[in-house]
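# Chains, contacts and geometry: an overview
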Amino acid sequence: MREIRTQNYSPSLAGDRMLPGLALMLGSIVCTALALMYVQGVLEAFPHHYLIPWVIGLGAVFILPSLLLWHKGRFSFADPLIFATWSYFFPAFCLGGFFLAVGWSDPIYINLVRDPESDLPFTILILGLGFIGLALGYFLPVGQRVGRYLGSKLPEAKRSDQSYIIPSLTLLSIGAIITVSEFTLSKFGFQRAEEISSYDGILFLTQQFWFQGSFILWLIIFRAEKLKLYFVPVMAILIGSSITKSIFAGNRGMMIQIFALIVLAYILSGRQFKAKQMAIGGGILIVILISGMIFGTTLRMVKGDESQLQAGEYIEKIGQTFEEVGGSSSVESLEFGASSLVGRMDIVSTVGVVVSNYELLKPYEDAYGLDNNIFNELSTFFIPRVLWPEKPTASDPRRYSDLYFNTGETSFAITPIGDLLRNFGPIGVPIGMLVIGIFIRLFYSALVELQLPSIWRYSIYIMLLTCISYEGFYGTIIPTLFRFLITASVGILFVLIIAKRIDKAGFFKPQKALL
């Protein structure tokens, strides 16, 4: 088998390093052009034009760590800081902030921001402080050193790539079966159970075996020099199950998560993104973004709310959604998808509501069960709900939305930064995010950075990397990391045990390549 390179870019790979460098330069040029337009007064016609210099400054803060890592030859989308920056922070706060500034995003709740001209710039400042804290935590040596030490204590557990296929397909199937079971119980998709049962958390975590199995299979496919015959049915299963899961999930971001998983598998396989791959990947991403927004938003409109439906009724709603989408012209669908995407990317306005009102609403948080939610989450998460059925939900997005947005029928993004602000004020934002920065560097160093390529390590790393929600509550991040670490460890242990037996049995024989 060919030697697989690690994910870290070598300074000698100038061609491979040129693409992220050009992208960063393009971003800098756009920011400079916007700054000049602002100085010339060209942008004053926009409703929140005063935000534009703040958004430009925030963009510079976001880009700086990426430039530093690129200069050191370590720019990789698999890096947790790069992943967080370009998968969430930059799109949600820079692009989203720009959309808000020029009026493309005009949410109905913007009137909840009491003084937009002061509160929204202060929101940008708080977001910048939070990201600086995250970056500082990442660059501090403590995370890297502890992670490197822990990584040196982990076993190698070498297996042939082919031996992973059957157990990974089995793991994927287990996750799929549990997902289908949850769907028949009206607990999967765009619907919400009225009560949380003792086993809901365990069932949710075991559903993640589908993601873990999928990642391992894509990683094996990309690690191979050429496409083998037995990869064809595996790819058919992966693509088919991904599309099916996305449709039934009713989640506008599900296809994005799956796309990110495939991209990460491609990068960690040792392959490089050159111009051709970047063009193909960019085109696929645009299609997924628009189509996901069209279908997901239409399904929400057809269904109306998150009330539970029988499986047959839910399938009928999906059919009606396809009819609605198919009944619209291509132009109408594209306009609808683009407008939905623009509104969805604007998270500055939702965080702005928190920034504007957190002090005013602080006395009422106890009545909504939100008071000190970070402490309550971190002090109780290690007790399973199976042992404590009455365990309160400390971070409830519905109650948060009811208090801050006057509606409990849907949930709005709070972000870890907004959650820290609610709990500890401005000083708590960079400190809390610094802790998260240390954690992401720790597991990156233990499982990927400067480690020999390892399928089992990568599978755990991806589960940890993608389980962090930069849109949810801060208090749930560490508990979620802990639960996903256990889940991913159980999953990969199952895979390794079976893979070892397959290697000993010599099950796989050499296959001719198709390409």
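Residues numbered from 1 in each chain as written. Predicted model: local features only at pLDDT ≥ 70, side-chain atom pairs only at ≥ 80, totals over all residues. Heavy atoms only, no water.

### Quick notes on the environment of Leu485
- Residue position: Leu485 is located in helix H20 (residues 477-505).
- A residue is classified by how much of its surface remains accessible, and Leu485, at 37% relative accessible area, is partly exposed.
- Spatially, the C-alpha atom of Leu485 lies 9.8 Å from that of Cys467, the residues being 18 residues apart in sequence.
- If near-sequence neighbours (up to four positions away) are discounted, Leu485 is found in contact with Ile460 and Leu464. (Helix = DSSP H or I, 4+ residues; strand = E, 2+ residues; numbered from the N terminus. Buried < 20%, exposed > 50% of the residue type's maximum accessible area, 1.4 Å probe, protein only. Contact = heavy atoms within 4.5 Å.)

### Quick notes on a nonpolar patch on the surface
- Taken together, the side chains of Trp54, Phe122, Leu125, Leu129, Ile132 and Leu136 make up a nonpolar region of the molecular surface, amounting to roughly 500 Å² of accessible area.
- Take the nonpolar patch: its biggest share by element is five residues, from helix H4 (residues 116-139).
- Tracing the backbone through its elements, the reader meets Trp54 in helix H2 (residues 52-71). (Patch = residues over 30% accessible without salt bridge, like charges linked within 9 Å, V, L, I, M, F, W, Y side chains within 5 Å. Areas by Shrake-Rupley, 256 points an atom, 1.4 Å probe, with all protein chains shown as cover. Salt bridge = Lys/Arg side-chain N within 4 Å of Asp/Glu carboxyl O.)

### Things to note about the layout of surface pockets
- Taken as a whole, the second largest pocket encloses approximately 820 Å³ of empty space.
- If you go around the second largest pocket, you meet 27 residues; those closest to its centre are Trp218, Phe222, Met235, Ile262 and Ile284.
- Elements with a minimum of two residues in the lining of the second largest pocket: helix H8 (209-223), helix H9 (231-249), helix H10 (254-268) and helix H11 (275-303).
- Here the lining of the second largest pocket is composed, by residue class, of 20 nonpolar, three polar and four charged. (1 Å grid on protein atoms, 1.4 Å probe; cavity = no way out; pocket = protein on both sides within 12 Å on 5 of 7 lines; lining within 4 Å. Points joined across faces, edges and corners; volume = space filled by probe spheres on them. Nonpolar A, V, L, I, M, F, W, Y, C, P; charged D, E, K, R; others polar.)

### Points about the packing of aromatic side chains
- Using the criterion set out here, one finds 31 aromatic pairs in the structure.
- A cation over a ring is seen here: Lys245 above Trp210, with NZ or CZ 5.3 Å from the ring centre.
- Seen from the ring of Tyr138, Arg441 lies directly overhead, with NZ or CZ sitting 4.5 Å from the centre. (Phe/Tyr/Trp six-rings, centres within 6.5 Å; stacked < 30°, edge-to-face > 60°. Lys NZ or Arg CZ within 6 Å of the ring centre and 35° of its normal.)

### Focus: the nonpolar core
- Judged by nonpolar contacts, the single largest core of 128 residues is most densely connected at Phe89, Phe93, Leu134, Phe215, Leu268, Tyr404 and Tyr461.
- Discounting residues that sit within four places of it in the chain, Phe215 has contacts with Leu261, Leu264, Ala265, Leu268, Tyr458, Ser459 and Ile462.
- The next biggest cluster of nonpolar side chains, apart from the first, holds seven residues, and it includes Phe99, Met293, Leu341 and Val342. (Core = buried A, V, L, I, M, F, W, Y, C linked by side-chain atoms within 4.5 Å.)

### A look at the packing of helix H3 (residues 80-102) against helix H14 (residues 348-361)
- Interaxial distance between H3 and H14 falls to 9 Å at its minimum, and their mutual angle equals 90 degrees. By the angle class used here, H3 and H14 are roughly perpendicular. Where H3 abuts H14, its residues Ala92, Phe93, Gly97 and Leu100 lie against Val348, Ser349 and Val351.
- Residue classes in the contact of H3 with H14 are distributed as five nonpolar, two polar and no charged. (Axes fitted to C-alpha atoms, helices over the stretch in contact; angles between N-to-C directions. Parallel < 35°, antiparallel > 145°, perpendicular 65-115°, else oblique.)

### Side note on the side chain of Glu182
- Secondary-structure assignment places Glu182 in helix H6 (residues 165-184).
- Buried within the structure, Glu182 lacks any salt-bridge partner; its nearest side chain of opposite charge belongs to Lys187, at an N-O separation of 5.3 Å.
- Excluding anything up to four places from it in sequence, Glu182 contacts Lys187, Phe188, Leu203 and Gln207. (Lys, Arg positive; Asp, Glu negative; His and termini not counted.)

### Some details on unusual backbone geometry
- In the Ramachandran plot, Asn406 falls in the positive-phi region, its phi being about 60 degrees despite a non-glycine side chain.
- Residues other than glycine seldom take positive phi values, yet Thr415 does so here, at roughly 70 degrees.
- By secondary structure assignment, the location of Thr415 is in helix H17 (residues 415-424).
- Judged by relative accessible area, Thr415 falls into the buried class, the value being 1%.

### Here's the deal with H17
- Taking burial as the measure, the 10 residues of H17 include nine buried ones, the bulk of the element.
- Among all positions in H17, only Thr415, Pro416, Ile417, Gly418, Asp419, Leu420, Leu421, Arg422 and Asn423 are buried.
- Positive phi appears at Gly425, one or two residues downstream of H17, with a value of about 80 degrees.

### Comments concerning the side chain of Thr123
- Mapped onto the elements of the fold, Thr123 is located in helix H4.
- Relative accessible area serves as the criterion here: at 0%, Thr123 is assigned to the buried category.
- Polar side-chain contacts of Thr123 include one of 2.8 Å to the backbone oxygen of Asp119.
- In this view, Thr123 contacts Val348, Val351, Gly352 and Val355; residues no more than four positions away in its chain are not counted. (Polar contact = N/O pair within 3.5 Å; in protein donor to acceptor, adjacent residues only side chain to side chain.)

### A few points about H11
- With 29 residues, H11 should cover 42 Å at 1.5 Å per step; its first-to-last C-alpha distance of 41 Å lies within 8% of that length.
- For H11, every residue scored as buried is listed here: Gly281, Ile288, Ile290, Gly292, Met293, Ile294, Phe295, Gly296, Thr297, Thr298, Leu299 and Lys303.
- Looking at the buried residues of H11, the elements they touch are H9, H10, helix H12 (311-326) and helix H13 (330-345).
- Where H11 terminates, the next one or two residues include Gly304, which has phi positive at roughly 95 degrees. (Expected span 1.5 Å × (residues − 1).)

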